[in-house]
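# What the coordinates show
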Amino acid sequence: MRLPLAVSVILLVAPVLAAASGTSSELPEKHSVPTGTPVYEGRVGGEDVENAVPIPTAWDFYDTGNTCGFLDDYDEACPYTGSTSPDVVYSFTLTSWLCIEIDLCASAYDTKVYVYQDEVTPGDPLACNDDADCPTLYRSRIGPLLLDGGHTYYIVVDGYGNDCGEYELHISEWEGCTPCAPCPPDGIDEGEGPCYDGYVDNFNGGCNSVPPVFSVVEPSPEPIIFCGLGGNYDDNAFRDTDWYWMDLTCEETTITLDVVAEFPPVVGFVDMSPGCDNITGFYSYVTGVQCYSTYITETLPAGEWVAFVASSEWNNWPCDSEYHLTISGYEQCVPAESASWGTLKALYR
Ligand SMILES: [Ca+2]
Ligand SMILES: [Ca+2]
Ligand SMILES: [Ca+2]
Ligand SMILES: [Ca+2]
């Protein structure tokens, strides 16, 4: 039996704890527009985020320009910072996900390029590159980069140091995003298979399943890697949820969960000790972007716990989207009695 959307939503409206990623709407201080700014031919990018030049076709876009007449509004460390190069900004909005490559390889100077999602938050670009493996040294390229539907993206063309000049910006759709989360050689298959319209998760849907069912994690001194699938189905009314059960009853344990997924994941901890009828949502969780590591570390009180993985969005993420979850710190727990017994033996040695 499939439970209504609300059951899944409960897990997302739990209190947002410190692990949730933060964003800021702060923009860098604006410079005044100088007089006598050189005018260049063509559709050159805009001066800053508020004047970003819209890109109509993010899957196939080409433009040239010269950054030298512009101001230095932005800089990112990728990994070098401290640049005072002038920069220009483009933007586009996607209705569905898109895998792209952003290529500045043919530019005439030492370029840098940044991508931001929804707002330009200094220090928090979605992607950032200074020197890529281009035919010419010090040129920039980003990709494959999987972008999500329903968001606006900003592309900032910048330079290293104080360099500026002619750039050639080419954005193209790329097949390379899939797979962006291939199963590592030592990964354990989740075993569920892909969801589909009408799907009923009788495999590891946890408290969303009737009766509840879980993937049981075997403790290990090494990090444990599960390779699974997730996505949305039934016109985005549902998502596949994967519940990984851990027995931490013998002691307080610090666990790290790290997910790389082809969908924007939510990964977190659910305290199972009260039982499915009484769980209160996430103990803590974090959401992230697709294709990048999303992780959370928590010191959990002794008890029964679930590591939860699913798409954080109901937004046409394909059911065969891959992810891998790395669980670190879940070692065989040593019951307190063993320690006591050892102490006793020592006493009588
Ligand atoms: Ca700059
Ligand atoms: Ca560069
Ligand atoms: Ca799954
Ligand atoms: Ca599942």
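Residues numbered from 1 in each chain as written. Chains lettered and ligands numbered in written order. Predicted model: local features only at pLDDT ≥ 70, side-chain atom pairs only at ≥ 80, totals over all residues. Heavy atoms only, no water.

For the protein chain, the count of helices and strands is two helices and 21 strands. Counting the 349 residues in the protein chain, one finds 48% classified as buried. Across the protein chain, the fraction of contacts at a sequence separation of at least 24, relative to all contacts at a separation of at least 6, is 80%. Of the roughly 16300 Å² of accessible surface on the protein chain, 53% is carried by carbon and sulfur atoms. (Helix = DSSP H or I, 4+ residues; strand = E, 2+ residues; numbered from the N terminus. Buried < 20%, exposed > 50% of the residue type's maximum accessible area, 1.4 Å probe, protein only. Contact = heavy atoms within 4.5 Å. Areas by Shrake-Rupley, 256 points an atom, 1.4 Å probe, with all protein chains shown as cover.)

Counting across every chain of the model gives six disulfides. In this model, Cys78 is linked to Cys128 through a disulfide, with the two sulfur atoms separated by 2.3 Å. A torsion of -100° about the S-S bond marks the disulfide between Cys78 and Cys128 as left-handed. Here Cys78 is found in the loop between strand E2 (60-66) and strand E3 (88-94), whereas its partner Cys128 is found in strand E6 (residues 127-129), with 50 residues between them in sequence. Here Cys195 engages in a disulfide with Cys319; their sulfurs sit 2.0 Å apart. The chirality of the disulfide connecting Cys195 with Cys319 is left-handed, given an S-S dihedral of about -100°. In this pair, Cys195 is assigned in the loop between strand E10 (188-189) and strand E11 (215-216) and Cys319 in the loop between strand E20 (303-311) and strand E21 (321-328), connecting sequence segments 124 residues apart. (Disulfide = S-S within 2.5 Å.)

The final tally for this structure, using the stated rule, is 16 aromatic pairs. Where Phe214 meets Trp245, the ring centres are 4.9 Å apart and the plane angle is 65°; that geometry is what we call edge-to-face. With a gap of 31 residues between them, Phe214 in the loop between E10 and E11 and Trp245 in strand E15 (residues 241-248) connect regions that are remote in the sequence. Clustering of aromatic rings is evident, with ring pairs tying together Phe214, Trp243, Trp245, Phe282, Tyr285 and Phe308. (Phe/Tyr/Trp six-rings, centres within 6.5 Å; stacked < 30°, edge-to-face > 60°.)

With that settled, consider the coordination of the calcium ion (ligand 3). Those protein atoms acting as donors to the calcium ion (ligand 3) are Glu190 (OE), Glu190 (OE), Glu192 (OE), Leu229 (O), Asp240 (OD), Asp242 (OD) and Asp242 (OD), and they sit at 2.2 to 2.9 Å. Ordering the donors of the calcium ion (ligand 3) by residue number gives the pattern E-x1-E-x36-L-x10-D-x1-D. (Donors = N, O, S within 2.8 Å, 3.2 Å for Na, K, Ca; no water.)

Now for the coordination of the calcium ion (ligand 4). Surrounding the calcium ion (ligand 4) are the protein donor atoms Glu192 (OE), Glu192 (OE), Asp201 (OD), Asn204 (OD1), Asp240 (OD), Thr241 (O) and Asp242 (OD), which sit 2.2 to 2.5 Å from the metal. Along the chain, the residues donating to the calcium ion (ligand 4) fall in the pattern E-x8-D-x2-N-x35-D-T-D. In this structure, the calcium ion (ligand 4) lies 3.6 Å away from the calcium ion (ligand 3), the two metals sharing Glu192 as a donor. Highlighted residues: Asn204 in the loop between E10 and E11 and Asp240 in the loop between strand E14 (238-239) and E15, separated in sequence by 36 residues.

This part takes up the side chain of Asp201. Checked against the element boundaries, Asp201 lands in the loop between E10 and E11. Despite its burial, Asp201 pairs with no opposite charge; the closest candidate is Arg239, at 9.9 Å N-O. In this view, Asp201 contacts Glu192, Ser209, Val213, Asp240, Thr241 and Asp242; residues no more than four positions away in its chain are not counted. (Lys, Arg positive; Asp, Glu negative; His and termini not counted. Salt bridge = Lys/Arg side-chain N within 4 Å of Asp/Glu carboxyl O.)

Attention now moves to the sheet that holds strand E4 (residues 98-103). Pairing in this open sheet of four strands is antiparallel, and the strands run E2-E9-E4-E7 from one edge to the other. The sheet terminates laterally at E2 and strand E7 (141-147), the two strands that pair on one side only. The sheet shows a mean angle of 15° between the axes of neighbouring strands, taken without regard to direction. One ladder, built from five bridges, connects E4 with E7; its direction is antiparallel. Considered in E7, the bridge of Leu98 is made with Leu147. (Pairing = 2+ DSSP bridges. Axes fitted to C-alpha atoms, helices over the stretch in contact; angles between N-to-C directions.)

A word on the environment of Glu168. Its location among the elements puts Glu168 in strand E9 (residues 166-173). Residue Glu168 is classed as partly exposed on the basis of its relative accessible area of 28%. Leaving out residues up to four positions away in the same chain, Glu168 has contacts with Tyr62, Asp63, Thr64, Asp103, Leu104, Ala106 and Ser107. Side chain to side chain, Glu168 and Tyr62 meet in a polar contact 2.7 Å long. (Polar contact = N/O pair within 3.5 Å; in protein donor to acceptor, adjacent residues only side chain to side chain.)

Here we take up the sheet that holds strand E1 (residues 53-54). The strand order E1-E3-E8-E5-E6 describes an open sheet built from five strands, whose pairing is mixed. Strands at the two margins of the open sheet, each flanked by one partner only, are E1 and E6. Summarising the sheet, strand E5 (residues 111-117) and E6 pair through three bridges and their orientation is antiparallel. Bridged to Val113 within E6 is Asn129.

Moving on to the confidence of the model for the protein chain. In the predicted model, the protein chain carries a mean pLDDT of 84, and the fraction of residues at 70 or more is 83%. Across the protein chain, E11 holds the top mean pLDDT of 98, while helix H1 (residues 5-12) sits lowest at 36. Across residues 338-349, where pLDDT falls below 50, the model places zero contacts with residues more than four positions away in sequence or in other chains. (pLDDT = per-residue confidence, 0-100.)

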